[in-house]
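Residue-level structure breakdown
So the chains spell out like this:
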Amino acid sequence: MSEYRTEPLVVPVCSGLLSEGERNRRVALTSFSGKLAERPTVPERDVICYECGRHTLVPRAALSSRCTHCHAHLRMTDVVLRHGAQRLTVRTLGDVTVQADAQLSQLSVVCRHCYLEGRGSGSFRCEGTLRVACSNRIEGSVQADTLVVERGKELILTQGATVNVLEVYGKVTGRIVARTRVVLHRGAELHGNCFAPTLEQAAGAKHRGEWSRSASV
Ligand SMILES: [Zn+2]
């Protein structure tokens with residue numbers, strides 16, 4: 001059995017540089033190169049940067065991140081806007097809720113999902129769903145993947161809306177451009193011209209205005 005000897009920490013060379021063989025041996029001892037494949041993967045989320053509009057991957061659990069293309073700081077937290085909120089411009093990859101008692105105008109919101117439980121006017125750009133659960137008059141532009149107007153609520157869009165899907169359970173007034181479809185559920189009303197490849201209208205739903213399949217017509 002060989003005797004255990006500690007190695008001297010001081011290298012007996014004036015320059016302080018290790019010989020190549022010794023350096024490689026120490027690098028190999030402390031290197032994790034063989035374990036790279038086992039590194040735990042961080043769950044990521046594919047988002048669209050709200051500054052440059054390109055797809056970028058961000059850690060799912062992060063509160064903020066940076067766009068890999070334009071390096072913009074990306075906020076990822078959810079935002080709740082209460083009555084009397086001072087900050088009317090919101091940019092986040094999270095969700096925005098306008099609380100039921102709020103009455104906010106001149107909002108500028110860019111987010112994933114937006115819930116209008118209270119009154120909020122201004123411009124909205126949602127990658128996900130904009131859900132209107134309170135009668136509202138929106139003076140600015142509205143862009144969303146899906147716009148949902150709940151039963152018994154009236155939404156007036158003075159500048160119209162551009163969406164993929166519009167689902168109406170209540171009443172909507174304004175010009176609608178939908179890339180996929182417009183669905184008017186039972187009892188729903190749509191007042192205004194509507195551009196959509198498909199218009200699904202349940203029995204008892206009303207549409208007052210022109211319908212054409214594409215906005216260019
Ligand atoms: Zn970007």
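Up top is the structure.
Residues numbered from 1 in each chain as written. Predicted model: local features only at pLDDT ≥ 70, side-chain atom pairs only at ≥ 80, totals over all residues. Heavy atoms only, no water.

What the protein chain contains, in helices and strands, is 1 helix and 21 strands. Taken across its 217 residues, the protein chain has 35% of its residues classed as buried. For the protein chain, the share of sequence-separated contacts (at least 6 apart) that also reach a separation of at least 24 residues comes to 4%. As displayed, the protein chain has an accessible area near 13,200 Å², and 51% of this comes from carbon and sulfur atoms. (Helix = DSSP H or I, 4+ residues; strand = E, 2+ residues; numbered from the N terminus. Buried < 20%, exposed > 50% of the residue type's maximum accessible area, 1.4 Å probe, protein only. Contact = heavy atoms within 4.5 Å. Areas by Shrake-Rupley, 256 points an atom, 1.4 Å probe, with all protein chains shown as cover.)

Turning next to the coordination of the zinc ion. At 2.3 Å from the zinc ion lie its protein donor atoms, namely C49 (SG), C52 (SG), C67 (SG) and C70 (SG). Site description for the zinc ion: donor spacing in sequence, C-x2-C-x14-C-x2-C. Placement of the pair is C49 in the loop between strand 1 (44-48) and strand 2 (55-59) and C70 in the loop between strand 3 (64-66) and strand 4 (73-75), with a sequence separation of 21 residues. (Donors = N, O, S within 2.8 Å, 3.2 Å for Na, K, Ca; no water.)

For the rest of this paragraph, the subject is the pattern of salt bridges. Within this structure, the stated rule accounts for 7 salt bridges. Residue R25 is joined to E22 by a salt bridge in which the shortest nitrogen-to-oxygen separation is 3.3 Å. Remark: E22 and R25 occur in helix 1 (residues 20-30); sequence separation between them is 3 residues, near one turn of the helix. In this structure, R26 engages E22 in a salt bridge whose closest nitrogen and oxygen atoms are separated by 2.7 Å. Here R26 and its partner E22 are both found in helix 1, 4 residues apart, which amounts to about one turn of the helix. On the accessibility criterion, E22 (22% relative accessible area) is partly exposed. Because the salt bridges share partners, they merge into one network encompassing E22, R25 and R26. (Salt bridge = Lys/Arg side-chain N within 4 Å of Asp/Glu carboxyl O.)

Strands sit in the order 11-13-15-17-20 across an open sheet of 5 strands; the sheet is parallel. If you trace the sheet from one side to the other, it starts and ends with strand 11 (136-138) and strand 20 (206-208), each paired once. Across the sheet, the mean angle from the axis of one strand to that of its neighbour is 10°, orientation sign disregarded. The pairing of strand 17 (residues 189-191) with strand 20 spans 3 bridges and is parallel. The partner of L190 across the bridge, within strand 20, is H207. (Pairing = 2+ DSSP bridges. Axes fitted to C-alpha atoms, helices over the stretch in contact; angles between N-to-C directions.)

In this structure, H207 sits in strand 20. At 2.9 Å, the side chain of H207 and the backbone oxygen of G192 are in polar contact. Sequence-distant contacts of H207, that is, excluding residues within four places in its chain, are made with L184, L190, G192, C194, L199 and Q201. (Polar contact = N/O pair within 3.5 Å; in protein donor to acceptor, adjacent residues only side chain to side chain.)

Attention shifts here to the nonpolar core. Counting 38 residues, the largest nonpolar core has F124, L130, L147, L157, I176 and V182 as the members making the most contacts within it. Counting residues in hydrophobic clusters, the runner-up holds 9 residues, among them V47, C49, V58 and V110. (Core = buried A, V, L, I, M, F, W, Y, C linked by side-chain atoms within 4.5 Å.)

Before going further, it helps to spend a moment on unusual backbone geometry. With a phi angle near 60°, H71 is a residue other than glycine that sits in the positive phi range. Looking at the element boundaries, H71 is found in the loop between strand 3 and strand 4.

This part is about the side chain of S65. Along the chain, S65 turns up in strand 3. Taking relative accessible area as the criterion, S65 reaches 15% and is therefore assigned buried. Every residue in contact with S65, bar those within four places of it in the chain, is listed here: V58, P59, A72, H73, L74 and M76.

Attention shifts here to the environment of E139. Here E139 shows up in the loop between strand 11 and strand 12 (142-149). With relative accessibility at 42%, the residue E139 sits in the partly exposed group. Along the primary structure E139 and G120 are separated by 19 residues, whereas in three dimensions their C-alpha atoms are 9.5 Å apart. Not counting the four nearest positions on each side in its chain, E139 is found in contact with S121, G122, T158 and Q159.

Burial within strand 12 is extensive, with 6 of its 8 residues counted as buried. As defined by bridge partners, strand 10 (residues 119-132) adjoins strand 12 across 7 bridges and the pair is classed as parallel. Note that in strand 12 the partner of V132 across the bridge is V149.

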